[in-house]
Structures are given as structure tokens and as C-alpha cells.
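Read off the chains here:
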Amino acid sequence: GILFVFVLWYILSITYNNSLVIPKISEVFNSVLDLLSSLRFYNLFFTMIIRILITLLGSLIIALILSLLSFISSKIHSFLNPIIVIMKTVPIIAIMILLLMSIGMRMAPYIATSFVIIPLIYEMTYSALKGIDKTITENEYQLIKATYIEKKIYNNKKGGIAHEFQIRRLYG
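Note that the structure is predicted; figures quoted are calculated from it, not measured.

### So, unusual backbone geometry
Here is step 1 of the chain: With phi around 50 degrees, Asn17 is a residue other than glycine that occupies positive phi space.
Here is step 2 of the chain: Within the secondary structure, Asn17 is located in the loop between helix 1 (2–16) and helix 2 (25–36).

### Regarding the packing of aromatic side chains
Here is step 1 of the chain: On inspection of all chains with the given rule, the structure shows five aromatic pairs.
Here is step 2 of the chain: Between Phe41 and Phe45 the ring centres are 6.0 Å apart and the planes differ by 20 degrees, which places this aromatic pair in the stacked class. Separated by four residues within a single helix, Phe41 and Phe45 lie in helix 3 (residues 39–72), roughly one turn from each other.
Here is step 3 of the chain: Assessed through its relative accessible area of 34%, Phe45 is described here as partly exposed.

### Digging into the side chain of Ser13
Here is step 1 of the chain: Relative to the elements of secondary structure, Ser13 occurs in helix 1.
Here is step 2 of the chain: A relative accessible area of 2% places Ser13 in the buried class.
Here is step 3 of the chain: Engagement of the side chain of Ser13 in a polar contact is seen with the backbone oxygen of Tyr10, the distance being 2.8 Å.
Here is step 4 of the chain: Sequence-distant contacts of Ser13, that is, excluding residues within four places in its chain, are made with Ile22, Pro23 and Lys24.

### Some words on the nonpolar core
Here is step 1 of the chain: Ala63, Leu80, Ile84, Met87, Ile117, Ile118, Ile121 and Tyr122 together form the largest nonpolar core, which totals eight residues.
Here is step 2 of the chain: Broken down by secondary-structure element, the contributors of at least two residues to this core are helix 4 (74–89) and helix 6 (108–130).
Here is step 3 of the chain: Those residues in contact with Ile121 that lie beyond four places of it in its chain are Leu60, Ala63 and Leu64.

### Digging into helix 4
Here is step 1 of the chain: A rise of 1.5 Å per residue sets the reference length of helix 4, with its 16 residues, at 22 Å; its end C-alpha atoms lie 22 Å apart and thus fit the reference within 8%.
Here is step 2 of the chain: Every buried residue of helix 4 is listed here: His77, Leu80, Ile84 and Met87.
Here is step 3 of the chain: Where helix 4 is buried, its residues meet helix 3 and helix 6.
Here is step 4 of the chain: Where helix 4 begins, the side chain of Ser73 points an oxygen toward the backbone nitrogen of Lys75, at a separation of 3.3 Å.

### A look at the packing of helix 3 against helix 4
Here is step 1 of the chain: At a minimum axis distance of 5 Å, the contact between helix 3 and helix 4 shows a crossing angle of 130 degrees. Taken together, the axis directions place helix 3 and helix 4 in an arrangement best described as oblique. As helix 3 packs across helix 4, the resulting crossing turns out to be left-handed. Residues Leu66, Leu69, Ser70 and Ile72 of helix 3 touch helix 4, and the partners they reach there are Ser74, Ile76, His77 and Leu80.
Here is step 2 of the chain: Its residues assigned to classes, the contact of helix 3 with helix 4 comprises five nonpolar, three polar and no charged.

Cut-offs used in this document
- Residues numbered from 1 in each chain as written.
- Predicted model: local features only at pLDDT ≥ 70, side-chain atom pairs only at ≥ 80, totals over all residues.
- Heavy atoms only, no water.
- Helix = DSSP H or I, 4+ residues; strand = E, 2+ residues; numbered from the N terminus.
- Phe/Tyr/Trp six-rings, centres within 6.5 Å; stacked < 30°, edge-to-face > 60°.
- Buried < 20%, exposed > 50% of the residue type's maximum accessible area, 1.4 Å probe, protein only.
- Polar contact = N/O pair within 3.5 Å; in protein donor to acceptor, adjacent residues only side chain to side chain.
- Contact = heavy atoms within 4.5 Å.
- Core = buried A, V, L, I, M, F, W, Y, C linked by side-chain atoms within 4.5 Å.
- Expected span 1.5 Å × (residues − 1).
- Axes fitted to C-alpha atoms, helices over the stretch in contact; angles between N-to-C directions.
- Parallel < 35°, antiparallel > 145°, perpendicular 65-115°, else oblique.
- Left-handed = near helix turned anticlockwise from the far one by under 90°.
- Nonpolar A, V, L, I, M, F, W, Y, C, P; charged D, E, K, R; others polar.

This is how it looks when you write it as C-alpha cells:
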């Protein structure tokens, strides 16, 4: 696989003998070493990584909030669902062209990334929330309520009623 690609690359670079069309492997290797020895490369690289992480975090927060709101209210879900479907069906290249013309090259890739990520996280979270069995949530609520009441009423010190209750619960 990889060996074939390198052999093909070598043959094409000798055949064309033009660095603009197919550069030689040694030229590419030297260019990569030049980039890796440049401080500017690392500055741009880490700036890009930070922006990507901010984009991912922002998209995650937006998608989680929207999916929670949709789970709570069916009206919000009815409003958001067509928007999410449109975000999923519109080709990203069309969005990218519009973003490049409207906001420029600097921030367009990050906003386009959000257009891809938000619908995915929204649908996964919404589906997961809808898939929760109502009886389980009711049982959990009752358990949390009972535990809260137990801690409020009984004292958790050794020798107290709660301590004896916990021992009986653990050891039968």
C-alpha cells in the first residue's frame, strides 16, 4: 500500500520533472523539516488547535442546550427539528462559500465545523434523552428522595438509627 504510493510518486516526479506538478520526495522532506524548525509554524499550529477546541466546546454546549430544551418542550423540538435537518442536508461546501464571502477566511472553517457538529450532537443527545425509560427515572427520583429524607431525619454517627439501618441493609 504505502510502498506502492511512494514508488508511484517517485516515478511520476521523475517523469514530469517539474516541482510544481509533482515534487520530488526529497524536496517535500526538506520543506517539512524547514516548517518544523520554524517557530511561526508552531505558533500557528497551536493557535489553530486552540480555536478548534473552542469551536468543539462551543458546539457541544449549544447542541446540549438545544437538545435539553427540545426534550423539555415538544414545541421547541418542532421548531428546531427542521433547522437541524436543513443543517444536515445542505452541503458543507455551499455553507463554506457563503461563509467565506460573508465573514472571510479566518473564521469560516470554524463556523463551518459548528454547522457539521451541532446537528450530530443535538440528535444523539435528544435521542438518548428520549430513550430513557420513564419508570427508571421515577424510581431514581424516589430513591434520591428517600436517601435525602434518611440523611435529614437520621443521624449518620455510629450507634445512631441510620448506622444500624445501613448495617442491616448491607449485611442483611
